[in-house]
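Structural overview
Residue-level listing of the chains:
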Amino acid sequence: MRIFSGDTWTLEELQEQVADAGRRSVVVPPADSKRAVLETFGEVLDFPEHYGVNLDALNDSLHDFADSISENGTPPVTVLWQVAAPFRADRSFGILCEILQDAERYAGKDLAVTAVLL
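Notes on the structure in this doc start here. Model, not experiment: these values are computed from the prediction.

1. Structural notes on the overall build of the protein chain
Secondary structure assignment for the protein chain yields five helices and four strands. Mapped in sequence order, the helices and strands of the protein chain form the string β-α-β-α-α-β-α-α-β. In terms of overall dimensions, the protein chain has a C-alpha envelope of 35 × 35 × 20 Å along the principal axes. In the protein chain, which comprises 118 residues, the share counted as buried stands at 42%. Pairs at least 24 apart in sequence give 69% of the contacts found in the protein chain among residues at least 6 apart. A total accessible area of about 6300 Å² is found for the protein chain, and carbon and sulfur atoms account for 47% of it. Charged side chains of the protein chain number 9 positive and 20 negative; the gap between the two group centres comes to 5 Å.

Structural data, given as structure tokens:
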């Protein structure tokens, strides 16, 4: 997982870098609370209806999302997660980062995550 400052890089610049690398980008907009972040990931990545909106469900759903990329033969994906400043102070921020890193390791080259700190 890569982390960039929103003061240094614009979302458009990062999307351009992703496209230049032959990848598609998916933007996860900022949210201020753990629940809102989990819901936003579920909506943007089109998790199934039974998604439990908790950290375990995020982990499972990210692995399923990674499997769907490789099975469908679609270009690799870079998730550009815009991290709101209030959420960075939440203790679940670090746990969520670990889950995202685990999903990257699981997916190999098919999935990358870039956090953009706002």
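2. Quick notes on the packing of aromatic side chains
Per the stated rule, a full pass over the model turns up six aromatic pairs. Ring geometry for Phe 41 and Trp 81: centres 5.6 Å apart, planes at 65°, overall edge-to-face. In this pair, Phe 41 is assigned in helix α2 (residues 34-44) and Trp 81 in strand β3 (residues 77-83), connecting sequence segments 40 residues apart. Each member of the pair Phe 41 and Trp 81 is classed as buried. Measuring from ring centre to ring centre gives 4.9 Å for Phe 47 and Tyr 51, while their planes differ by 65°; the resulting arrangement is edge-to-face.

3. Regarding the side chain of Gln 82
The topology assignment puts Gln 82 in strand β3. Ignoring anything within four residues of it in the chain, the contact list for Gln 82 reads Leu 11, Val 27, Val 28, Pro 29, Pro 30, Val 116 and Leu 118.

4. Things to note about the nonpolar core
Most often, soluble globular proteins keep nonpolar side chains buried together rather than apart. Among the nonpolar cores identified, the biggest contains 32 residues, and Phe 41, Leu 58, Trp 81, Leu 96 and Leu 111 are the most heavily contacted of them. Those elements giving two or more residues to this core turn out to be β2 (24-28), α2, α3 (55-72), β3, α5 (92-107) and β4 (111-117). When neighbours within four sequence positions are excluded, Phe 41 is seen to be in contact with Val 28, Asp 46, Phe 47, Leu 58, Val 79, Trp 81, Leu 96 and Leu 100. By size, the runner-up hydrophobic cluster in this structure holds six residues, among which are Phe 4, Leu 14, Val 18 and Val 116.

5. Structural notes on the packing of α3 against α5
One can describe the packing of α3 onto α5 by two numbers: an axis separation of 9 Å at closest approach and a directional angle of 25°. In terms of orientation, α3 and α5 fall into the roughly parallel class. Two packed elements cross with a definite hand, and for α3 against α5 that hand is right-handed. Here Leu 55, Leu 58, Asn 59, Leu 62, His 63, Ala 66 and Asp 67 of α3 lie close against α5, whose contacting residues are Ile 95, Leu 96, Ile 99, Leu 100, Asp 102, Ala 103, Tyr 106 and Ala 107. Its residues assigned to classes, the contact of α3 with α5 shows 11 nonpolar, two polar and two charged.

6. Examining the environment of Gly 73
Residue position: Gly 73 is located in the loop between α3 and β3. Distance from Gly 73 to Asp 110, taken between C-alpha atoms, is 9.7 Å for residues 37 residues apart in sequence.

Rules used throughout
Residues numbered from 1 in each chain as written. Predicted model: local features only at pLDDT ≥ 70, side-chain atom pairs only at ≥ 80, totals over all residues. Heavy atoms only, no water. Helix = DSSP H or I, 4+ residues; strand = E, 2+ residues; numbered from the N terminus. Buried < 20%, exposed > 50% of the residue type's maximum accessible area, 1.4 Å probe, protein only. Contact = heavy atoms within 4.5 Å. Areas by Shrake-Rupley, 256 points an atom, 1.4 Å probe, with all protein chains shown as cover. Lys, Arg positive; Asp, Glu negative; His and termini not counted. Charge placed at Lys NZ, Arg CZ, Asp CG, Glu CD. Phe/Tyr/Trp six-rings, centres within 6.5 Å; stacked < 30°, edge-to-face > 60°. Core = buried A, V, L, I, M, F, W, Y, C linked by side-chain atoms within 4.5 Å. Axes fitted to C-alpha atoms, helices over the stretch in contact; angles between N-to-C directions. Parallel < 35°, antiparallel > 145°, perpendicular 65-115°, else oblique. Left-handed = near helix turned anticlockwise from the far one by under 90°. Nonpolar A, V, L, I, M, F, W, Y, C, P; charged D, E, K, R; others polar.

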